[in-house]
Amino acid sequence: MLTIDAISKSYLDGTVQQHILSQLSFSIESGVSVSIRGASGSGKSTLLHLLAALDTPDEGRIWFSDSTIQASKLDIASFSEAQANAYRMSTIGIVFQKYNLIDVISVKENIFLPAKLNAQKGVPLDTDYITKLMADLGVLKHADKLPHQLSGGEQQRVAIARALAHKPRLLLADEPTGNLDSVNSELVSSLLIDTCSKHNTTLILVTHSEKVAALTSQQVFLEQGRLVSTSG
Amino acid sequence: MQSYKATKFSVLMLIASLIIASCGLSTVLIINASAKQSYSNTNTLLIDNVQYQVLAENPKTPLTKQDYVTLRRQGFSQLIAIAQSSAHIYQDDIRLSSRRVMITGIDTVSLLGALNDNSAQNSNNANSTVNQSTPFLGAMPFSAPVGIVHPSLLKQLNDDARSSRQVGGTNKLSIYIDRQSSDNSQQGAATTFLPDLVSFEDPSLGNDVITDIGEYFRLFPASKLSSLLLVSDASGESLEQLVNMIKGYLPAHLTLMPLSNNNEQGELTDSFHMNLLAMALLMFVVCLFIVINAVNLVINARMPWFKICRQLGISRYKIFISQIVEISLITFIACCLGIYASIHLSNLVAPSIQATLEGLYGVQVGYGSSALVVLFVKVFGISLCGSLLATLAPFSISNKSLSTTKSSDNFKQNERMWYRTFWLLSVGFALLAFSILHFSSTLWLLLVATAVLILSGCSLLLANYPQVINGLYRLIPTRFVLLRLSTKQSIALSGKTKVACCAFFIAATSNIGMNLMVDSFRGATVNWLESRLTTDYYLYYEGKENIVALANTADVEIYQRFENTISFRGQKLQQYSYPTTQQFKQAMVFYQLGNEDALWQQFEAQEAILVNQQFAFAFDYSLGDAVSMANPATGLMQSYSIRGIFYDFGNPSKQVLFPLSSFDSAIAKSSIYSINTDELGLERFKIVLAGANIDYERSLLNSAELLAISKETFDRTFVITDGLNIVTLLVAALSLACAIVVLMNDVRPQNMLIRSLGVSAFKTQVLALFQYLLLCLIALIFATPFGILLSWVLIYDINLTAFQWTYPLQINFFKIAFIYALSLAVVIVVICIPIIRAGKRPLIEDIRWLN
Ligand SMILES: Nc1ncnc2c1ncn2[C@@H]1O[C@H](COP(=O)(O)OP(=O)(O)O)[C@@H](O)[C@H]1O
Ligand SMILES: [Mg+2]
């Protein structure tokens, strides 16, 4: 469903052109979970941002196709601002390392937010689904609390529920457990992977942990802007 | 501390707010100083040690030159004659100064003699003492007559002359006097030139030209002596002896009176000073809010620095001191700039301030010599105190967070505590304000009460922000997800922008209050003017011709206003005549009146009188009370009953109206004549006037013209108030913008998140704008009742105390709506900049910065 076709991204660092991603290509099947690993600064976040249409590559294309919605392929790399917004709102979900929740509204309202935004665009709101999602992620009992009343692990689980609430085709998670201790990290990560596969959502997960990566169906290793190994 | 790069904006804001604050403060101080100096010394006219003066008892029997000569022959060489007239100054038929100039003649030769006598008694070194006590004599050469003027007046005249002179005109400044108002015996004669003007710097010189009395009588041959000043060093018993001796020799028609300090005027101008000072302080306080904000911003930006410094082992004390030193330095620089700007500004607004003082309060305004050092010390002192105070608050917080790692405080409980505190504060302030208003009638206490009242509103607003927004939140349909979200966010915002919201509330309240007051006043005055200016034309004339007789020959209907001034319970009282024709009856605008038919009957029978509000409020009279006062014609005491209290805006004096028959038409003075006639009649009247050598060009006005002039003066008067209002609003908006800059970092993660959910940048900007506008709107809604309350207090309490007149409060909803729109517009303009700046940043930058 996602075909990355020779994308390159570089930044001007002072006077030196820093090539972060160079001629990177690979493809991801619908419904699978992919983990991306690599040293700090290897370009993992950059790649994820490109996939989320938050940033544009210097060259190359990113083909997105989804048989359930439309037959034709879309090039994420050449989205307009409005297209990118629509894509982020309806098609994908994002989980960051931190700052995933709005602290003035309750956990429940946070989770419902993207679904409601989509509801404004005519997508029906599936309350049962979201309630079940919350139950799966174990955050139902915190529904009426404010985010800052939860622990770090609970907050990230809420963030996952929020990212999945509008039934995205693709979930992008950039070190979602980077701020958690290793026990919690594995717990939340496995929950994430399980929930995604349960709802048949494609997952791209950036992680440092080998253990977590082992839980995914496909593993990617980034080094010097290139894919070093794929397995799974 | 080399961290200016990161905090350039906030430091700039800090300096700007301090400049505005110090500029406003020093402008007001300069204006206050000049106004104060000029009127307080008016009566002594550059001469020290004058405590008494000889005046005529009655205008019928004036003080004559013969009286003066007789008294001096009797050995009272301490009595010095002065004579005064006011006149416009012209050059080649072009009026130079818009204001009348007071021309004073002093018997300088006798004065010199008297001073020499005095000093001879006290010391051997006579000359130096003379020059010390009356330095202006030194500026008067005996060789040629000169007029002494304040350098600023001379400069103003020169400027006016230059701008009005045609190309190729004479180089020598030739000035002549329009003597029409005081002397018309030589009408048609060539212009009378003023002597050479010599500038002389003295704070007591205002709009004055001082000259020798000989020169004065050359200018005004028909003028009378105004008074004789008693120039004497004597004090205590010897002074009393002298006074008694003079009293024994004085002819019956003259009296010796202590030189009054002009109490009424003093009070009036005091209230004006209070007014200005209060506004300046208001602005200053609002500026301090900005300073707090800006300091907050600086500290926020420098927090990492401080942490590094702490880790490097620099003590907290040292960091603190370095910041204090820095703030002081910034304050110093800002004060210099502010004072520099204010000197220019005060020169700019001086004419309009003078117009206010003269028009509204009947006070002579002069040119103050502003002592720069004193001014600077004052302003810098106040600013420094203010800015340090403003700094202390954020610093104490920063110190805390330096020493302890951030503790996650209990949000809900905290909020409830704030809520209770603010409610308590609000109720406390309100109680305090009302008890002051109720029990006190001292002007400054009343002003304090209004300030407390505003503070009470402030606390009320802060206490109820979350409740009101929550209420609003419930009203928004759940469909509008983002709107609801923003509304929720503005609750959190209100907690973080307390200071800025307060500033905005204060600005809005004072804006609404002031505007309603001015509007009510304008409405009442225009109404009153339109009603009172009932006849077709008005003639201003103070000469000797019998205008009524002239009008009769021209077959024109004319009413003269007889004027008499008496002393009533130690204060000046105007006794004026008022015609009792149907037209005039209808023209009277009453504040309170009894039965109208009976009223006019009794008025004509000289049993009832009409008094102005100033009279009634000053002496605490009400309708139906009996007053005993001198009959204007006979001077005998008589009892009158007060049957009507009328509006008399702008009059600093107490006034009582009598029917025309109460005056002795043979001797009573008149200066205004009301005329009813058509075009033809007017032409006939003009011909008659011209025949009697009366220059009517500038003194015969029709009512419409007069009304227009009055309205124009009025509007000009309140330009200052309007200007200050806008400035306050702007300052408050700036403070809000400052707060936004601080908060932008706080809300950055949330905006990032919302935008990553696919909400467009434009929408998030609009939502941010909405949040702040919501806060402002709620502040405005809270400010409205407080503004109305404020105008009520201003009209019914402060006005009454300060001016002894009041008028009905008119609540103009259009005006309030206009203020709403204006305030929100100002806010939008000011806060748009930081919001758009934040929205322009690509989302990816935010994400990278945060993750
Ligand atoms: N806007 C930018 N300007 C310059 N360099 C950047 C910018 N954004 C990212 N980089 C650089 O790109 C590299 C890759 O960053 P990132 O994708 O965040 O790495 P990872 O997530 O794998 O740690 C880093 O060296 C970072 O410094
Ligand atoms: Mg990263």
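Residues numbered from 1 in each chain as written. Chains lettered and ligands numbered in written order. Predicted model: local features only at pLDDT ≥ 70, side-chain atom pairs only at ≥ 80, totals over all residues. Heavy atoms only, no water.

- For chain A, the name recorded in an unreviewed UniProt entry is Lipoprotein-releasing system ATP-binding protein LolD, with Glaciecola punicea ACAM 611 as its organism.
- Quoted verbatim from the Sequence similarities (unreviewed entry) heading of the UniProt record, the comment on chain A is "Belongs to the ABC transporter superfamily." (UniProt positions renumbered as here; feature names shortened; annotations may be inferred.)

**Some remarks on the overall build of chain B**
Link 1 in the chain: Each helix and strand in chain B was counted, giving 24 helices and 22 strands.
Link 2 in the chain: Across the 851 residues that make up chain B, the buried fraction comes to 52%.
Link 3 in the chain: Restricting to contacts in chain B with at least 6 residues of sequence separation, those with at least 24 account for 82%.
Link 4 in the chain: Of the roughly 38,100 Å² of accessible surface on chain B, a fraction of 59% belongs to carbon and sulfur atoms. (Helix = DSSP H or I, 4+ residues; strand = E, 2+ residues; numbered from the N terminus. Buried < 20%, exposed > 50% of the residue type's maximum accessible area, 1.4 Å probe, protein only. Contact = heavy atoms within 4.5 Å. Areas by Shrake-Rupley, 256 points an atom, 1.4 Å probe, with all protein chains shown as cover.)

**Details of the pairing of strand 2 (residues 79-87) of chain B**
Residues and elements named next belong to chain B.
Link 1 in the chain: Burial of strand 2 is extensive: seven of the nine residues sit out of reach of the surface.
Link 2 in the chain: In the sheet, strand 2 pairs with strand 11 (residues 227-231) via four bridges, with the strands oriented antiparallel. Paired with isoleucine 82 across the bridge in strand 11 is serine 227. (Pairing = 2+ DSSP bridges.)

**Quick word on the interface of chain B and chain A**
Link 1 in the chain: In this complex, chain B contributes 27 residues to the contact, which on the side of chain A involves 28 residues.
Link 2 in the chain: Around 2,500 Å² of area is buried between chain B and chain A when both sides are counted, 65% of it from carbon and sulfur atoms.
Link 3 in the chain: Inspection of the region where chain B meets chain A yields four residue pairs in polar contact (both at pLDDT 80 or more).
Link 4 in the chain: Among the elements that line the side of chain B that touches chain A, the one with the most residues is helix 21 (residues 719-756) of chain B, at seven residues.
Link 5 in the chain: Looking at the side of chain B that touches chain A, its residues break down into 17 nonpolar, six polar and four charged. (Buried area = accessible area lost by both parts, 1.4 Å probe. Polar contact = N/O pair within 3.5 Å; in protein donor to acceptor, adjacent residues only side chain to side chain. Nonpolar A, V, L, I, M, F, W, Y, C, P; charged D, E, K, R; others polar.)

**Re the pattern of salt bridges**
Residues and elements named next belong to chain A.
Link 1 in the chain: Tallied over the full model, the rule gives eleven salt bridges over all chains.
Link 2 in the chain: As a salt-bridge pair, aspartate 55 and lysine 9 come within 3.4 Å of each other at their nearest N and O atoms. Of this pair, aspartate 55 sits in the loop between helix 1 (44-51) and strand 4 (59-66) while lysine 9 sits in strand 1 (residues 2-13), placing them 46 residues apart in sequence. You'll find aspartate 55 and lysine 9 in the same group, each marked buried.
Link 3 in the chain: Residue arginine 37 is joined to glutamate 210 by a salt bridge in which the shortest nitrogen-to-oxygen separation is 4.0 Å. A residue pair is termed long-range when its members are at least 10 positions apart, and arginine 37 in strand 3 (residues 33-38) and glutamate 210 in helix 7 (residues 210-214) qualify at 173 residues.
Link 4 in the chain: Taken together, the shared-partner salt bridges connect Lys132, Asp136 and Lys198 into one network. (Salt bridge = Lys/Arg side-chain N within 4 Å of Asp/Glu carboxyl O.)

**As for the site of ligand 1**
Link 1 in the chain: The local shell around ligand 1 consists of Tyr11, Ile20, Ala39, Ser40, Gly41, Ser42, Gly43, Lys44, Ser45 and Thr46 of chain A together with Arg848 of chain B.
Link 2 in the chain: Ligand 1 sits at the junction of chains A and B, each of which supplies nearby residues.
Link 3 in the chain: A distance of 2.7 Å separates an oxygen atom of ligand 1 from a polar atom in the backbone of glycine 41 of chain A.
Link 4 in the chain: Relative to its unbound accessible surface of 570 Å², ligand 1 loses 64% to contact with the protein. (Near = heavy atom within 4 Å.)

**Overview of the packing of aromatic side chains**
Residues and elements named next belong to chain B.
Link 1 in the chain: Tallied over the entire structure, the rule returns 23 aromatic pairs over all chains.
Link 2 in the chain: Seen in terms of ring centroids, phenylalanine 76 and tyrosine 249 are 5.4 Å apart; in terms of plane orientation they differ by 65 degrees. Their pairing is edge-to-face. Linking phenylalanine 76 in the loop between helix 2 (65-73) and strand 2 with tyrosine 249 in helix 7 (residues 236-249), this pair joins segments that are 173 residues apart in sequence.
Link 3 in the chain: Classification of phenylalanine 76 as buried rests on a relative accessible area of 3%.
Link 4 in the chain: Relative accessible area serves as the criterion here: at 46%, tyrosine 249 is assigned to the partly exposed category.
Link 5 in the chain: Summarising the aromatic geometry, the rings of phenylalanine 505 and phenylalanine 786 are spaced 5.9 Å apart at their centres and angled 75 degrees between planes, so their arrangement reads as edge-to-face. Taken together, the positions of phenylalanine 505 in helix 14 (residues 498-532) and phenylalanine 786 in helix 22 (residues 761-803) put the pair 281 residues apart, joining distant regions of the chain. (Phe/Tyr/Trp six-rings, centres within 6.5 Å; stacked < 30°, edge-to-face > 60°.)

**Focus on the state of the cysteines**
Link 1 in the chain: Overall, the coordinates contain zero disulfides over all chains when judged by the stated rule.
Link 2 in the chain: Unpaired in this structure, cysteine 501 of chain B has its nearest cysteine sulfur neighbour in cysteine 776 of chain B, at a distance of 6.7 Å. (Disulfide = S-S within 2.5 Å.)

**Observations concerning helix 5 (residues 152-164) of chain A**
Link 1 in the chain: With 13 residues, helix 5 of chain A should reach 18 Å at 1.5 Å per residue; the first-to-last C-alpha distance of 19 Å fits that figure.
Link 2 in the chain: Looking at helix 5 of chain A, one finds that the buried residues are Gly153, Glu154, Gln156, Val158, Ala159, Ile160, Ala161, Arg162, Ala163 and Leu164 of chain A. (Expected span 1.5 Å × (residues − 1).)

**Quick notes on the environment of leucine 2 of chain A**
Residue and element names in this part refer to chain A.
Link 1 in the chain: With respect to the secondary-structure elements, leucine 2 resides in strand 1.
Link 2 in the chain: Once the C-alpha coordinates of leucine 2 and serine 30 are considered, the two residues, 28 residues apart in sequence, prove to be 7.7 Å apart.
Link 3 in the chain: Setting aside anything within four residues of it in sequence, one finds leucine 2 in contact with Phe26, Ser27, Ile28, Leu51, Ile62, Trp63, Phe64, Ile76, Leu170 and Ile204.

**Examining the nonpolar core**
The nonpolar side chains of a soluble globular protein tend to be buried, and buried together.
Link 1 in the chain: Counting 89 residues, the largest nonpolar core has Tyr465, Phe505, Phe649, Tyr807, Val827, Ile831 and Ile835 of chain B as the members making the most contacts within it.
Link 2 in the chain: Tallying contributions element by element places helix 22 of chain B first for this core, with 20 residues.
Link 3 in the chain: Built from parts of two domains, this core gets at least three residues from each of domain 3 (453-533 + 704-851) and domain 4 (542-693) of chain B.
Link 4 in the chain: Residues Met1, Leu50, Ile94 and Leu170 of chain A belong to the second largest nonpolar core, which totals 38 residues. (Core = buried A, V, L, I, M, F, W, Y, C linked by side-chain atoms within 4.5 Å. Domains from an automatic or database assignment.)

**Quick notes on a nonpolar patch on the surface**
Residues and elements named next belong to chain B.
Link 1 in the chain: On the surface, Tyr317, Ile321, Val325 and Leu329 cluster together into a nonpolar patch covering about 410 Å² of accessible area.
Link 2 in the chain: Tracing the sequence through the fold places isoleucine 321 in helix 9 (residues 316-361).
Link 3 in the chain: You can call isoleucine 321 partly exposed: its relative accessible area is 35%. (Patch = residues over 30% accessible without salt bridge, like charges linked within 9 Å, V, L, I, M, F, W, Y side chains within 5 Å.)

**Quick look at the sheet that holds strand 12 (residues 254-258) of chain B**
Residues and elements named next belong to chain B.
Link 1 in the chain: The eight strands are arranged 9-6-10-5-2-11-1-12 in an open sheet whose pairing can be described as mixed. Every other strand in the sheet has two partners, leaving strand 9 (196-199) and strand 12 as the edge strands with one partner each. Taken over all neighbouring pairs, the strand axes of this sheet differ in orientation by 30 degrees on average, direction set aside.
Link 2 in the chain: Of the strand pairs in this sheet, strand 1 (residues 50-56) and strand 12 are connected by five bridges, and their pairing is antiparallel. Bridging across to strand 12, leucine 55 finds its partner in threonine 255.
Link 3 in the chain: Taken strand by strand, helix 2 contacts strand 2, strand 11 and strand 12, and its axis lies near 160 degrees from that of strand 2. (Axes fitted to C-alpha atoms, helices over the stretch in contact; angles between N-to-C directions.)

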